[in-house]
Amino acid sequence: MSVGGWLPATLAAIEPSTPSARVLRLDVPGWTGNLPGQHLDLRLTAEDGYQAVRSYSIASFGPGEQVELGVDEVPDGEVSPYLVLDARPGDAVEVKGPLGAYFVWRDDDPSPVQLIAGGSGIVPLIAMARARAASASAAPFRLLYSVRRPDDAMYRDEIGTLGDGVDVTWAYTREAPVGWTRPAGRVSQDLLRDAAWSPAQSPAVFVCGPTGFVETVATALVALGHDPARVRTERFGG
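Asker: Please clarify how helix 5 (residues 211-223) should be interpreted in this entry.
Answerer: One full turn of an α-helix is made of 3.6 residues, so residues set three or four places apart face in the same direction. Across its 13 residues, helix 5 extends 18 Å between first and last C-alpha, which sits within 8% of the 18 Å expected from 1.5 Å per residue. Buried residues belonging to helix 5 abut strand 7 (113-118), strand 8 (141-147), helix 4 (189-195), strand 10 (204-209) and strand 11 (231-235). Count one or two residues on from helix 5 and you reach Gly-225, which has phi positive near 110°.

Encoded structure:
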């Protein structure tokens, strides 16, 4: 899965995910496929020649020439508002990738896996969960997903059907569902102690989300005794 130059891509399908996010499927002739957790660069070119480039995590994995992205709008961004608000099937963009060999899960690793997402940081982690489901891996997965409120959760329906071997914990920072037993609040060290694999089990940990979220979670995990070399992090952009 080598990295080449820019490839022309066409938006094949666009689906709503949350009030501020969309799932986009791109047809990319020449795409070599990607590992679960990798990302790509996407380039837009305006009529006057101005170009804007942003990196986006990939929700799909494996071979094939169609790529799935989950994009949350950054209101002052150059690229995400177009992709979320204005893009239509048939629109042309360019992509380059796949990129990144560090933040990936491989199905020959039998270690327990801890996925921790904040907001649209779920995108590369859903690729890992999908890859597990499609493989013969028996590696047990846990997912801790932090969102502001229930309708801000991308891939919510799919997460509810991940099946055996994937335990899911939700954390709501501003508004929890009616009847929820845990009060709304940020992911804390106590929550990580309760919901995540213990350091003694030496899990492979993947944390993705906004910079502040990622730094706070990673610091807390290390304080709990997790090996820093086993905690892989990635921040998403707009």
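Moving on from the model shown.
Asker: Hey, could you run me through the side chain of His-226 in this one?
Answerer: You can see His-226 is positioned in the loop between helix 5 and strand 11. The buried category is assigned to His-226, whose relative accessible area is 6%. Engagement of the side chain of His-226 in a polar contact is seen with the backbone oxygen of Trp-197, the distance being 3.3 Å. Among all residues touching His-226, those that are not within four sequence positions of it are Trp-197, Ser-198, Pro-199, Pro-203, Val-205, Leu-221 and Val-231.

Asker: I tried to follow the packing of aromatic side chains on my own but got confused; where do I start?
Answerer: Remark: the centre distance and the inter-plane angle together describe each pair of aromatic rings, the angle taken between the planes. With the rule as written, the count across this model stands at 5 aromatic pairs. Ring plane angle 90° and centroid distance 5.4 Å describe the contact between Phe-103 and Phe-206, whose orientation is recorded as edge-to-face. Of this pair, Phe-103 sits in the loop between strand 6 (92-99) and strand 7 while Phe-206 sits in strand 10, and the two are 103 residues apart along the sequence. Residue Phe-103 is classed as buried on the basis of its relative accessible area of 3%. Within the aromatic cluster, the residues linked to one another by ring pairs are Tyr-145, Trp-170, Tyr-172 and Trp-180. Cation over ring: Arg-156 sits above Trp-170, and NZ or CZ is 4.5 Å from the ring centre. It is Arg-232 that lies over the ring of Tyr-102; its NZ or CZ is 4.8 Å from the centre.

Asker: It is not clear to me how helix 2 (residues 122-134) should be interpreted in this structure. Could you clarify?
Answerer: Its 13 residues place the ends of helix 2 18 Å apart at the C-alpha level, agreeing with the 18 Å of an ideal helix rising 1.5 Å per residue. With 11 of 13 residues buried, helix 2 is to be regarded as a mostly interior element. What helix 2 keeps buried is the set Ile-122, Val-123, Pro-124, Leu-125, Ile-126, Ala-127, Met-128, Ala-129, Arg-130, Ala-131 and Arg-132.

Asker: Sorry, what's going on with the nonpolar core here?
Answerer: One recurring pattern in soluble globular proteins is that nonpolar side chains are buried together. By size, the foremost hydrophobic cluster in this structure holds 31 residues, and its most contacted members are Ile-122, Tyr-145, Tyr-155, Ile-159 and Phe-206. Contributing elements (two or more residues each) for this core: strand 2 (21-27), strand 7, helix 2, strand 8, strand 9 (166-172) and strand 10.

Asker: Where do I start with the pattern of salt bridges in this structure?
Answerer: Between side chains of opposite charge, a pair can form as their charged atoms come close. This structure, assessed with the given rule, holds 11 salt bridges. Notably, a salt bridge pairs Glu-215 with Arg-235, separated by 3.9 Å at the nearest N-O pair. Here Glu-215 is found in helix 5, whereas its partner Arg-235 is found in strand 11, with 20 residues between them in sequence. Among the charged side chains, a salt-bridge network with shared partners connects Glu-15, Arg-25, Glu-68, Arg-130 and Glu-158.

Asker: Please explain the layout of surface pockets as it appears in this structure.
Answerer: Rolled over the atoms, a probe as big as a water molecule pinpoints where empty space is left. The computed volume of the largest pocket comes to approximately 680 Å³. In this structure, the largest pocket is lined by 33 residues; those nearest its centre are Gly-118, Gly-119, Arg-148, Pro-210 and Phe-236. Those elements that place two or more of their residues in the lining of the largest pocket are strand 4 (51-57), strand 5 (66-72), strand 8 and helix 5. Take the lining of the largest pocket: its biggest share by element is 4 residues, from helix 5. Tallied by class, residues from the lining of the largest pocket come to 13 nonpolar, 14 polar and 6 charged. Space inside the second largest pocket adds up to approximately 190 Å³. Considering the residues around the second largest pocket, the lining is formed by 14 residues, among which Pro-16, Ser-17, Tyr-155, Arg-156 and Asp-157 are closest to the centre. Only strand 1 (7-18), strand 2 and helix 3 (156-159) provide two or more residues apiece to the lining of the second largest pocket.

Asker: I would appreciate a short explanation of the sheet that holds strand 6 in the present structure.
Answerer: Two pairing modes exist for strands in a sheet, parallel and antiparallel, and in both the strands are linked by backbone hydrogen bonds. The 6 strands lie next to each other as 4-3-6-1-2-5, forming an open sheet whose pairing is antiparallel. Two strands in the sheet have a free side with no partner beyond their single neighbour: strand 4 and strand 5. When strand polarity is set aside, the average angle formed by the axes of neighbouring strands in this sheet is 35°. Sheet topology places strand 1 next to strand 2; 7 bridges connect them, and they run antiparallel. The partner of Glu-15 across the bridge, within strand 2, is Val-23.

Reading guide: rules and limits
Residues numbered from 1 in each chain as written. Predicted model: local features only at pLDDT ≥ 70, side-chain atom pairs only at ≥ 80, totals over all residues. Heavy atoms only, no water. Helix = DSSP H or I, 4+ residues; strand = E, 2+ residues; numbered from the N terminus. Expected span 1.5 Å × (residues − 1). Contact = heavy atoms within 4.5 Å. Buried < 20%, exposed > 50% of the residue type's maximum accessible area, 1.4 Å probe, protein only. Polar contact = N/O pair within 3.5 Å; in protein donor to acceptor, adjacent residues only side chain to side chain. Phe/Tyr/Trp six-rings, centres within 6.5 Å; stacked < 30°, edge-to-face > 60°. Lys NZ or Arg CZ within 6 Å of the ring centre and 35° of its normal. Core = buried A, V, L, I, M, F, W, Y, C linked by side-chain atoms within 4.5 Å. Salt bridge = Lys/Arg side-chain N within 4 Å of Asp/Glu carboxyl O. 1 Å grid on protein atoms, 1.4 Å probe; cavity = no way out; pocket = protein on both sides within 12 Å on 5 of 7 lines; lining within 4 Å. Points joined across faces, edges and corners; volume = space filled by probe spheres on them. Nonpolar A, V, L, I, M, F, W, Y, C, P; charged D, E, K, R; others polar. Pairing = 2+ DSSP bridges. Axes fitted to C-alpha atoms, helices over the stretch in contact; angles between N-to-C directions.

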